Amino acid sequence: MSNLLHNLNEHQLAAVTLPNQHALILAGAGSGKTRVLTTRIAWLIQAGNASPASILAVTFTNKAAKEMTVRLGAMLTANIRGMWLGTFHGLCNRLLRAHHRDARLPQLFQILDTGDQLAAVKRVMKALQVDEDKFPPRQVQYWIADAKEKGERAGDVQVVDDISRKYVEIYAAYDEQCQKEGVVDFAELLLRSFELLSRNEVLCEHYRNRFRHILVDEFQDTNVLQYRWLKLLAGPGSSIFAVGDDDQSIYRFRGANVGNMADFERDFRVQNVIRLEQNYRSQGNILSAANQLIAHNRNRLGKNLWTSAGEGEPIRVHEAASDGYEAAWLVEEVQTLVREQGMARRDIAFLYRSNAQSRVLEHALFSAGIPYRVYGGQRFFERMEIKHALAYLRLLANTDDDGAFLRVANFPVRGIGARTLEQLQDTAAAAGVSLYRAAQQLQGAAATKVGVFLRIIDTLRSETNDLPLPEVVEHMLDRSGLLAHYRAERDGADRVDNLNELINAAASFEQERPIALPPMVEIEPPAPAPGPAVAQGDGGLFDAPVNPPAQPLSAPLSDDAASALVDGGAPNEAPPPTDPLALFLAHAALESGENQAAEGMDALQMMTVHSAKGLEFHAVFITGLEEGLFPHEQSVMEDDGLEEERRLMYVAITRARTRLYLSYAKTRLLHGQTRYNIASRFLDEVPDELTKWLTPKLGMGMANEPSWLSSPSSGSNASGQTPPKGRDPGHGYRIGQNVSHAKFGQGVIVSAEGSGTDARLQINFGRHGVKWLSLEFAKLSPA
DNA sequence: GCGTTAGTTATTTTT
DNA sequence: TAACTAACGC
C-alpha cells in the first residue's frame, strides 16, 4: 500500500485518502487527475475500506475507461471483479440489459448511433408529413436529444407556440416508434435508466446500497441528466468523488453543464474541496500564459497552476501573410525541431479550431514529405459498408428493427424500390406491425422480390443459430451479398477489406469478452465456458411481467417485481445477456472504433483543440489564431460563448510541455473566398513578457509564394498585399492593409468600393465586427 | 428504380 | 472550395 501512495504530492495524497465523504477535486491540467482517480480506487480496495463491488467509476469516453482499467490492473493484484467501471452510456446499457423488462425493453434492444437516429427522425417526420424545410431533421434530432438530456419526455416539454407543439408531437411519435422497434438512442440509454431507477424503488435501493463509492471523471462535462442520475444513485451511505476542471469545460454545445460542479458542492454540502494545482507537464512560461489567459474569464471556481520546473522557453508567435505562408512556416519550423532538437515527430502537434483548417496544413506537410496523422474523421463502425453489415446483424437479433430493415432491404440492389417500401410502410403502420411482419404478408408482384430478402434473413438466422460470432458475421457477409457486391465494385477493395476486418473485430470482441466486457469493462477473472457470469439465466428476480407497450414509459412498477425482490434476498443483478450478437452490436454502437489506424509510425499529430483534450506534446503549434476563427465567430454570439472559446484556448496552451507556438495568418481561404482577418484577441491576452515574436509584431513579412502554393486559388489577392484588379482607387488604401480606427482599433481592409473621397472601405475590426466606413468621415490611419 | 446534375451550406464531438 | 442533398431525367 505504501508504494501505492508513493510519489503523490500533499494534495494528491489528501484526495486519495479522503474519508468516505463527498468530495470535489478541482484538478488542473496536467495535475495528475487520472492518477489520483485510479489511486483512490486502488487505495479504497487495498486499505480494505471497500470491496470492488461497492465501487462505481464513471468516465466519458471509452478511452478513459480503458486507461483506468489498465492502470488499475498495474496497481492492484487484488481481484477486482464486480467493480463497475465504464462510460455513462456503457453503464446504463448494462443496467438496462440486466433489467430490460422493468425498463420495458426487449432483451436484445439495439442502440441507435447518431446517424441511425437521424434516419429514424426523418422517418417519423415523413409519417407525420412534417415539412422538412420548416423543421430541419437535424435540428429536430438535436432538439430531442437536448430534451432527453434535460430529463424531459415529450409530455414534460412546455408548449409555447405552434413550433414547439410540432416539436413535441414529433418527439412523442419518435419515442413511440423507437419503443415499437425495440431501439434506443444514446440519450435514451441515460434517460431510460434514470427513469428505471426512479420508478423502481426497490431496484434503486439495491444499487444505492451496493455502490458506496461513486467516482466521476471529467465532472465538468456532465449534463443535467447525468448529474441527476448520479444524485439518484448516491444513497445516504454513498459518497461521490468527483474530479473535474471547470476551466476545461469545452462541451457546453452538446449539453455539458459546468454548473453541475457548483450544484454538487451545494446539493451535497461538500466539505472536501481539494485543488490540484501543481502541474507536472508544462514549463513556467507556458503555464503563466495559460493562467493569465484564463483569468479573463469571469465565471470560474478559481485555480492557479504552478510548476516546479523552470520558466523554460518563451512562447513563440508568428504572423503569416496568408494561410499558405503559415503552413509553409510551420513545416519549416517542424523540420528545424526535428533536425536540430532531435524532436520526434510524434511529439509535435498542430492544433486548430476547426477541421477545415487541416487541409492547407496537410498539403504543406505532404509536399515536404513529413509523415503526419490527422485525428478525427470517419470511424470504423460508422463506415457505410459496416453500417450495412451491422443492419443485417441487427435484423438477426431483432426483426422489429425497421431502421435496419429499410437500410438493407434493397442493398445490395434487389429491385425493391422506394415505392414498394413506402407501400410496405403503409401496410405496416395500418396493421401496427413491423416492416418485417408486413413483408411476410405482402401480396402481389412486389412480394417475390421482398420474399427474396426475407428468405435471406430467415435462412441466415437458421444457419447461424449456434455458430460462434465471427462465423455469424462471415455467413452474413456472404449470404447478404454484401461481399460480392463490393468485390464487383471498381473501387470496392477498401470496403471489402473493412468487411473482412469486421470478422476480425467480432473475433477479438469474443476473445476479450471474458476479461473486459466493452464498453462496460468489468474486470473479472477468466470465466469458465460458455461465457462470463452465466448466472441463473434470464428471468431473474428483478424481471417484471412484460408490460403492454401502450404506456411504456409511465406504467407503475409491478408488484411482482417488488415482492420477488423483497422475498428473494440477494438480488440477482442479472448478468448481461449472453447473446454475443447483441453484445457485439451494442459494442459497435457505443464504441464506434478507432478513428484512424496507422499507429506506430513516427508521425506529426494534427487535430482540433477539442480532440487534443487530455493529451500532451513536447511542442504544440496553435494555428489559425484569428478573430472569427478562434474565437470562432459563431460562438461570440452565444452568451458564455466567448468564455468557452477562451477555455478552449486554455486547453490548447496547456497541452504543451516545453515549446509553444502561436501563429495566425492575415489572409485565409475559407469557403472558397479569401478572408482578411486580424489577430485573435487571445494573443493579446498572453502577456508580452512571455512571448517572442518571430515576425515584427505589426508585421508585413512578405516573400515570394512557395511553389506548391501556386494554385489559382492563392494568386494575387491571396497574398494580402496586392491591390484589387482594375484601376487605382486613388485613395492610397489597399485590400489587406492594416488600419487603425479611433473607436474600433485595429482592423484590416477586406474590400473597397468607389474611388477618391467617395470611397467606402469594408474593414474587419475583429471583435468589433466587420464594418463599412466612408473614407470621407472615418478617422482612419494606416497601422 | 437508378444514376446524374444543380443547388446549398458551411464550428467544436462523444456516446 | 468541397461536400452533401434534393430534385430530375432515363
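Our structure's up above, just so we're on the same page.
Residues numbered from 1 in each chain as written. Chains lettered and ligands numbered in written order. Predicted model: local features only at pLDDT ≥ 70, side-chain atom pairs only at ≥ 80, totals over all residues. Heavy atoms only, no water.

Caption draft 1: Expanded view of the overall build of chain A. Counting its regular elements, chain A contains 29 helices and 22 strands. Carbon and sulfur atoms provide 50% of the accessible area of chain A, an area that totals close to 33900 Å². (Helix = DSSP H or I, 4+ residues; strand = E, 2+ residues; numbered from the N terminus. Areas by Shrake-Rupley, 256 points an atom, 1.4 Å probe, with all protein chains shown as cover.)

Caption draft 2: Just the protein's contact with DNA strand B, in detail. The full set close to DNA strand B counts 30 residues, and Thr114, Arg353, Val413, Gly417 and Thr608 are the nearest of them. Counting only the atoms of DNA strand B within 4 Å of the protein, the fraction contributed by sugar and phosphate is 55%. Those elements giving two or more residues to the surface near DNA strand B turn out to be α18 (418–431), α26 (609–612) and α27 (633–637). Here the element with the most residues in the surface near DNA strand B is α18; it accounts for three residues. When its residues are assigned to classes, the surface near DNA strand B shows seven nonpolar, 17 polar and six charged. (Near = heavy atom within 4 Å. Nonpolar A, V, L, I, M, F, W, Y, C, P; charged D, E, K, R; others polar.)

Caption draft 3: How the structure looks around the pattern of salt bridges. Counted according to the given criterion, the structure contains 47 salt bridges. In this structure, arginine 192 engages glutamate 188 in a salt bridge whose closest nitrogen and oxygen atoms are separated by 2.8 Å. Taken together, the residues span about one helical turn, with arginine 192 and glutamate 188 both in helix α9 (residues 186–199) at a distance of four residues. The exposure class assigned to glutamate 188 is buried, which follows from its relative accessible area of 4%. The salt bridge involving arginine 281 is made with glutamate 616; its shortest N-O contact spans 2.8 Å. On the criterion of sequence distance, the pair formed by arginine 281 in the loop between β8 (272–276) and α13 (284–294) and glutamate 616 in the loop between α26 and β13 (617–622) is long-range, its members being 335 residues apart. Overall, the relative accessible area of 14% leaves arginine 281 in the buried class. With relative accessibility at 36%, the residue glutamate 616 sits in the partly exposed group. (Salt bridge = Lys/Arg side-chain N within 4 Å of Asp/Glu carboxyl O. Buried < 20%, exposed > 50% of the residue type's maximum accessible area, 1.4 Å probe, protein only.)

Caption draft 4: Region of interest: the environment of tyrosine 372. You can see tyrosine 372 is positioned in strand β11 (residues 372–374). Using a relative accessible area of 24% as the deciding quantity, one classes tyrosine 372 as partly exposed. On a C-alpha basis, the gap between tyrosine 372 and tryptophan 306 in space is 32 Å, while along the polypeptide they are 66 residues apart. With residues near it in sequence (within four places) discarded, tyrosine 372 still touches Glu362, Leu365, Phe366, Ala603, Leu604 and Met606. A distance of 3.0 Å separates polar atoms of two side chains, one belonging to tyrosine 372 and the other to glutamate 362. (Contact = heavy atoms within 4.5 Å. Polar contact = N/O pair within 3.5 Å; in protein donor to acceptor, adjacent residues only side chain to side chain.)

Caption draft 5: Highlighting the sheet that holds β13. If you trace the seven strands from one edge of the open sheet to the other, you get β11-β12-β10-β13-β14-β9-β17, paired in parallel fashion. Across the chains shown, the open sheet's two edge strands, defined by having one partner strand only, are β11 and β17 (691–693). Looking at each pair of strands side by side, their axes are set apart by 25° on average, direction ignored. Of the pairings in the sheet, the one linking strand β10 (residues 348–352) to strand β12 (residues 604–608) comprises four bridges and is parallel in character. Counterpart to tyrosine 352 in the pairing with β12 is threonine 608. Sheet contacts for helix α14 (residues 323–340): β9 (315–320), β10, β12, β13 and β14 (656–665); angle to β14, the most-contacted strand, approximately 155°. The sheet contacts of helix α15 (residues 358–368) involve β10, β11 and β12, and relative to β12 the element is tilted by about 170°. (Pairing = 2+ DSSP bridges. Axes fitted to C-alpha atoms, helices over the stretch in contact; angles between N-to-C directions.)

Caption draft 6: Expanded view of the packing of α14 against α15. Contact geometry of α14 with α15 gives a least axis separation of 9 Å together with a crossing angle of 45°. Viewed along their axes, α14 and α15 adopt a mutual orientation that is oblique. Handedness of the α14/α15 crossing: right-handed. Two secondary-structure elements touch here, α14 through Asp323, Gly324, Ala327, Leu330, Val331 and Gln335 and α15 through Val360, Leu361, Ala364, Leu365 and Ala368. Looking at the contact of α14 with α15 residue by residue, the class counts come to eight nonpolar, two polar and one charged. (Parallel < 35°, antiparallel > 145°, perpendicular 65-115°, else oblique. Left-handed = near helix turned anticlockwise from the far one by under 90°.)

Caption draft 7: View of empty space enclosed by the protein. In this structure the tally under the stated criterion is six cavities of 30 Å³ or more. Empty space within the largest cavity amounts to approximately 140 Å³. Around the largest cavity, the lining comprises 15 residues; the ones closest to its centre are Asp113, Asp116, Lys387, Leu390 and Ala589. No other element matches the four residues that helix α16 (residues 384–397) contributes to the lining of the largest cavity. Within the lining of the largest cavity, the residues separate by chemical class into seven nonpolar, two polar and six charged. (1 Å grid on protein atoms, 1.4 Å probe; cavity = no way out; pocket = protein on both sides within 12 Å on 5 of 7 lines; lining within 4 Å. Points joined across faces, edges and corners; volume = space filled by probe spheres on them.)

Caption draft 8: Up close: the side chain of asparagine 9. Here asparagine 9 shows up in the loop between α1 (2–5) and α2 (10–16). Within the local environment of asparagine 9, its side chain forms a polar contact with the backbone nitrogen of histidine 11, the two atoms lying 3.0 Å apart. Beyond its immediate stretch of four places on either side in the chain, asparagine 9 contacts Gln278 and Tyr280.

Caption draft 9: Highlighting the state of the cysteines. Overall, the coordinates contain zero disulfides when judged by the stated rule. For cysteine 92, which is in no disulfide, the shortest distance to another cysteine sulfur is to cysteine 204 and amounts to 13 Å. Of the residues examined, cysteine 92 reaches a relative accessible area of 0% and is grouped as buried. Classification of cysteine 204 by relative accessible area gives buried; the value is 6%. (Disulfide = S-S within 2.5 Å.)

Caption draft 10: Structural detail: the packing of aromatic side chains. Across all of its chains, the model carries 25 aromatic pairs by this definition. Ring centres of tryptophan 329 and tyrosine 661 lie 5.9 Å apart, and the angle between their planes is 70°; this geometry places the pair in the edge-to-face category. In this pair, tryptophan 329 sits in helix α14 while tyrosine 661 sits in strand β14, placing the two residues 332 residues apart along the sequence. Across the pair, tyrosine 661 and tryptophan 329 agree in class, each one buried. Plain terms: the ring middles of tyrosine 664 and tryptophan 693 are 6.3 Å apart, the flat faces sit at 80° to each other, and that makes the pair edge-to-face. Separated by 29 residues along the polypeptide, tyrosine 664 in strand β14 and tryptophan 693 in strand β17 bring together distant segments of the chain. (Phe/Tyr/Trp six-rings, centres within 6.5 Å; stacked < 30°, edge-to-face > 60°.)

Caption draft 11: Expanded view of the packing of helix α5 (residues 88–98) against helix α25 (residues 580–590). At a closest axis distance of 11 Å, the pairing of α5 and α25 adopts a crossing angle of 155°. In terms of orientation, α5 lies roughly antiparallel with respect to α25. In this structure, α5 meets α25 at a crossing whose hand is right-handed. Residue-level inspection shows His89, Gly90, Asn93 and Arg97 of α5 in contact with α25, the latter providing Ala582, Ala586 and Leu590.

Caption draft 12: How the structure looks around the environment of alanine 742. As for its placement among the helices and strands, alanine 742 is situated in the loop between β18 (738–741) and β19 (745–753). Counting along the chain gives 38 residues from alanine 742 to leucine 780, while the straight-line C-alpha distance between them is 7.2 Å.

Caption draft 13: Quick look at the protein's contact with DNA strand C. Taken together, Glu132, Arg138, Arg359, His671 and Gly672 make up the full set of residues near DNA strand C. Among the atoms of DNA strand C lying within 4 Å of the protein, the sugar-phosphate backbone contributes 36%. Histidine 671 has a polar backbone atom sitting 3.5 Å from a base oxygen of DNA strand C. Class assignment for the residues of the surface near DNA strand C results in no nonpolar, two polar and three charged.

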